[in-house]
Each structure stands twice: as C-alpha cells, then as structure tokens.
Amino acid sequence: MNQEPIRLAHVGVGYWGRNVLRNFASLPGVELLWVCDRDLDRARLQLPGPGVQVTDRFEDVLADGRVQAVSIATPTEWHYAMARQALESGRDVFVEKPMTLTVEEALRLVELVERTGRILMVGHLLLYHPAFVYAESLIERGELGQVYYLYTTRVNLGIVRRHENAFQSLAPHDIALAIQYLRDQPVAVSAHGRAFLQPGIEDVVFATIYFASGRIAHLHTSWLDPHKVRRATLVGSRKMVVIDDVEAIEKVRIYDKGVDFRPTEPRMYETYTEAMTIRDGDIYIPRIPMQEPLRLECEHFIGCVRERRQPKSDVHNGLQVVRVLEAAQRSLRSGRTEPIAG
Ligand SMILES: NC(=O)c1ccc[n+]([C@@H]2O[C@H](COP(=O)([O-])OP(=O)(O)OC[C@H]3O[C@@H](n4cnc5c(N)ncnc54)[C@H](O)[C@@H]3O)[C@@H](O)[C@H]2O)c1
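Note that the structure is a prediction, hence the values are computed from the model and not measured.

The rules we used
- Residues numbered from 1 in each chain as written.
- Predicted model: local features only at pLDDT ≥ 70, side-chain atom pairs only at ≥ 80, totals over all residues.
- Heavy atoms only, no water.
- Helix = DSSP H or I, 4+ residues; strand = E, 2+ residues; numbered from the N terminus.
- Rg over C-alpha atoms; globule rule 2.2 N^0.38 Å.
- Buried < 20%, exposed > 50% of the residue type's maximum accessible area, 1.4 Å probe, protein only.
- Areas by Shrake-Rupley, 256 points an atom, 1.4 Å probe, with all protein chains shown as cover.
- Lys, Arg positive; Asp, Glu negative; His and termini not counted.
- Charge placed at Lys NZ, Arg CZ, Asp CG, Glu CD.
- Near = heavy atom within 4 Å.
- Polar contact = N/O pair within 3.5 Å; in protein donor to acceptor, adjacent residues only side chain to side chain.
- Nonpolar A, V, L, I, M, F, W, Y, C, P; charged D, E, K, R; others polar.
- Domains from an automatic or database assignment.
- Contact = heavy atoms within 4.5 Å.
- Buried area = accessible area lost by both parts, 1.4 Å probe.
- Salt bridge = Lys/Arg side-chain N within 4 Å of Asp/Glu carboxyl O.
- Core = buried A, V, L, I, M, F, W, Y, C linked by side-chain atoms within 4.5 Å.
- Phe/Tyr/Trp six-rings, centres within 6.5 Å; stacked < 30°, edge-to-face > 60°.
- Pairing = 2+ DSSP bridges.
- Disulfide = S-S within 2.5 Å.
- Right-handed = clockwise from strand over helix to strand, strands pointing away.

Topic: the overall build of the protein chain
- For the protein chain, the helix and strand inventory stands at 9 helices and 15 strands.
- The C-alpha radius of gyration of the protein chain comes to 22 Å, within 12% of the 20 Å expected for a compact globule of 342 residues.
- Dimensions of the protein chain, computed from the C-alpha atoms along their principal axes, are close to 75 × 50 × 40 Å.
- By residue count, 52% of the 342 residues in the protein chain fall in the buried class.
- A total of about 16200 Å² of accessible surface is found on the protein chain, and carbon and sulfur atoms cover 52% of it.
- Where the 42 positive side-chain charges of the protein chain centre and where its 44 negative ones centre are 1 Å apart.

With respect to the site of the ligand
- Taken together, 22 residues lie around the ligand, and Tyr 15, Trp 16, Asp 37, Arg 42 and Lys 97 are the ones closest in.
- In the model, an oxygen atom of the ligand is placed 2.6 Å from a nitrogen or oxygen of the Asp 37 side chain.
- At a separation of 3.4 Å, a nitrogen atom of the ligand approaches a polar side-chain atom of Trp 78.
- Within the complex, the protein chains bury 86% of what would otherwise be the 850 Å² of accessible surface of the ligand.
- Tallied by class, the residues present in the shell around the ligand amount to 8 nonpolar, 8 polar and 6 charged.

What to know about the domain arrangement of the protein chain
- Segmenting the protein chain into domains produces domain 1 (6–125 + 294–313) and domain 2 (127–290 + 324–339).
- Centre-to-centre separation of domain 1 and domain 2, based on C-alpha positions: 30 Å.
- Opposite the 16 residues of domain 1 that make contact, domain 2 presents 18 residues.
- Here domain 1 and domain 2 share an interface that buries about 1400 Å² over both sides, 60% of which is from carbon and sulfur atoms.
- For the pair domain 1 and domain 2, the interface holds 1 salt bridge.

Side note on the nonpolar core
- Among the nonpolar cores identified, the biggest contains 66 residues, and Phe 24, Phe 167, Ile 175, Tyr 181, Ile 243 and Phe 301 are the most heavily contacted of them.
- For this core, the domains that each give at least three residues are domain 1 (6–125 + 294–313) and domain 2 (127–290 + 324–339).
- Leave out the neighbours within four places in its chain, and Phe 301 touches Leu 8, Phe 24, Ala 69, Asp 92, Val 93, Phe 94, Ile 119 and Met 121.

Focus: the environment of Asp 245
- The topology assignment puts Asp 245 in the loop between strand 12 (240–244) and strand 13 (252–261).
- Asp 245 gets classed as partly exposed once you look at its relative accessible area, which sits at 24%.
- Among residues more than four places away in sequence, those in contact with Asp 245 are His 129, Phe 132, Arg 230 and Lys 251.
- A polar atom in the side chain of Asp 245 sits 2.9 Å from the side chain of His 129.

Let's talk about the packing of aromatic side chains
- All told, the structure shown has 5 aromatic pairs when counted by the stated rule.
- In textbook terms, an aromatic cluster arises when at least three aromatic residues are bridged by ring pairs, as seen for Phe 24, Phe 94 and Phe 301.

Looking at the sheet that holds strand 11 (residues 224–236)
- What the 9 strands build is an open sheet, ordered 14-13-12-11-7-10-9-8-15; its pairing is mixed. Strands with a single pairing partner mark the edges of an open sheet, and in this sheet they are strand 14 (276–284) and strand 15 (338–339).
- The sheet contact formed by strand 12 and strand 13 spans 4 bridges and is antiparallel. Each bridged residue has a counterpart across the sheet, and for Ile 243 the counterpart in strand 13 is Val 252.

With respect to the state of the cysteines
- Applying the stated criterion to the full structure yields 0 disulfides.
- Unpaired in terms of disulfides, Cys 36 finds its nearest cysteine sulfur in Cys 298, a separation of 17 Å.
- Looking at the unpaired Cys 298, the closest cysteine sulfur is the one in Cys 304, lying at 12 Å.

Notes on the pairing of strand 1 (residues 6–11)
- Burial analysis of strand 1 places 5 of its 6 residues in the buried class, which makes it a mostly covered element.
- As a crossover connection, the stretch from strand 1 through helix 1 (residues 17–26) into strand 2 (residues 30–36) is right-handed.
- Pairing between strand 1 and strand 4 (residues 69–72): 4 bridges, direction parallel. Pairing of Leu 8 across the sheet is with Ala 69, part of strand 4.

Next up, the structure:
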C-alpha cells in the first residue's frame, strides 16, 4: 500500500473551517502544506504548526505543484469557483455543504469530476456521524422494516446568516440524511417559511420533501428558536428510531412500537381496525462508541483520495442536495409544491 502522505491545502478558517483544518492537520497520512484565508491574520492564528505556508490568495495554493488535494470551507458563494479551479488543475476536492449555490453550478462540477477522474466529496457530516451511521445500519439490516417516513428538527438560537436562509444553512445535512435513509429519489418539495430579522431571509422554514415511492420527509429548520434541538425520528413498519444529537451519550433510542396486522383473515373482524394490534414494546438504547464526526468525515476523504474510491457524499450526492435546496427556494417564493428535476 502506498503510504506517502496526502499533501493537502485548506481554504477558509472561519467559524467552521477552523474545525475542518484542525482535523485534517491532525490526521496521520496527511501533510498540510497551505492554509489560505482572505483574512491573513486569521489564517496565521489558525496555523497548526511550523512548516505550513499561509496565504490570502487561492492562486498560491493552486500554483504549488506539490498540492494533491484541496479542502474548501469558504462561504457557499465561493464553493463552485474554487472547486472548479482545483479540479481543473488536477486536484481532489473536499468542499463544505452545500456543494454549490445553484443546480447549474452543481451539474458543471459533476461533468468536471467525470471528465477529470478527480474525487470530489461534500461535507454532509451526518453521513459520517456514528449515531446516524448506526441508524443506517438498522435500516440496512431490515430491523425497522420498511421506513414509512421521517422527520427532522434542527433549531436553535443563532448563527444568523446574511446571505442564506435557515433552510439553506441548516437543511443540507438533513436532506442528505433523508436521501440516504429512504434510498429514494426526491421528486418534489413544499416549503413554508418566514423572515423576521432580515428582509427576504427566512429565519424559520418547514419543508416537506416528497420521494418517488410516495414517502415523505419533513424538515424543520430555524435559527430563531428557544430550544437547541438536533433530532431525527424514523418511523418504520417494525420499529421506530429517534436520533438525538444533543444528548451527550444516549443518542439513539430504538422503540419496539408499531401497528401489527393479525395473521388471520380480515373478514373475521367487523372493521378493518379490529384486525390491527398496537405494539407498545421496549425501548432499547444501544451503546455507540463516539468519535468526532468531523474527524471521521476527514478520514473518509483521505481514504478515498488514497484508494481512488468514490466518497459516500460524492458529487452526485452533492447535486441531489442542491436540487432539493433550489426547489425549496422556488417553493418558498411561489407558495406551491415545486418539482425537483433529475
Ligand atoms: N458541516 C457543518 O456542520 C457546517 C457548519 C457550519 C458551516 N458549514 C459550512 O462551512 C462553510 C464556511 O462556513 P463558516 O461558518 O465557517 O463561515 P465564516 O464566514 O465563519 O468563515 C468563512 C471564512 O472564509 C474566508 N473567505 C471568504 N472568502 C474567501 C476567499 N475568496 N478566499 C479565501 N478565504 C475566504 C473568510 O475570511 C472566513 O475566514 C460554509 O459553506 C458553511 O455552509 C458547515
């Protein structure tokens, strides 16, 4: 196995980017060459150690022939231009969510990845989070039965963004999760929201995503809420699961609850509901070894670069999420359910 370090440059060390940088910088098998931020003082402050160069110009990063992979955690409006330049210059790319601002940009990145054979991974963090991965394994093993529907709540007070609404800022994680859990194609979205703090920038959004199979996912996102809630509820035909990321340890609860049909002939009963029984069974809390999800995400990217395999959140997954985001924006403006192309 090739044990040469992957030589990486990181761009953007704001609120989130500094966490991404910290994780990549501490991973074995990674040699960090550059930290780039247009705020040079901030970049200098975040330097993880000696031997790492600092710049406020992305061109400096691209001009360094040693750089194999670029990690991008700049504001979303920069994602497309930076990812494109990095891919075109032969680099693999990690880019924060959402992958791009528009579907058009996302499609261009898909085309570029296919043409160059480079790897692009999007920071859909929950796909690497041990509690959410555990719930995914329950679905794969059939323990929940058929997943009927799911809903997520991602609300708290702040961070209020200026260039994107609460849905654009917070929902990409939950959209990626819903697609992963339902293993289904989103076909339409209906979103309702209100802007109170800044004109035209919704602070709270309630959205329903409709999938090809007819199943639905409901997402509640807000940065104007008294509670900090990070929760997903999955309702399956056999069991139900709640994943609560605010819980320190007991993040997953499996409810042996559901509605069963008596195995006898339905016509033995007066009404259809008489043929059903409510199963209100045990609640099980599995022990899930926790690791920092962001570290696992960064490890996954480095593994994919090293072994030339497709990331779990690859460019196609990034495109799917941007398609939902764009349709949700249309729905917020039109007040109607909007189709999702693709
Ligand atoms: N995965 C997560 O849970 C998560 C959480 C928060 C934010 N994010 C994502 O991370 C990205 C960054 O968000 P943030 O909250 O850190 O934003 P931020 O505004 O705090 O930081 C952005 C940084 O990028 C720098 N920057 C801006 N334009 C640049 C350019 N052209 N060249 C170089 N540097 C530039 C800024 O100086 C700043 O330091 C966004 O895409 C956001 O959606 C992800």
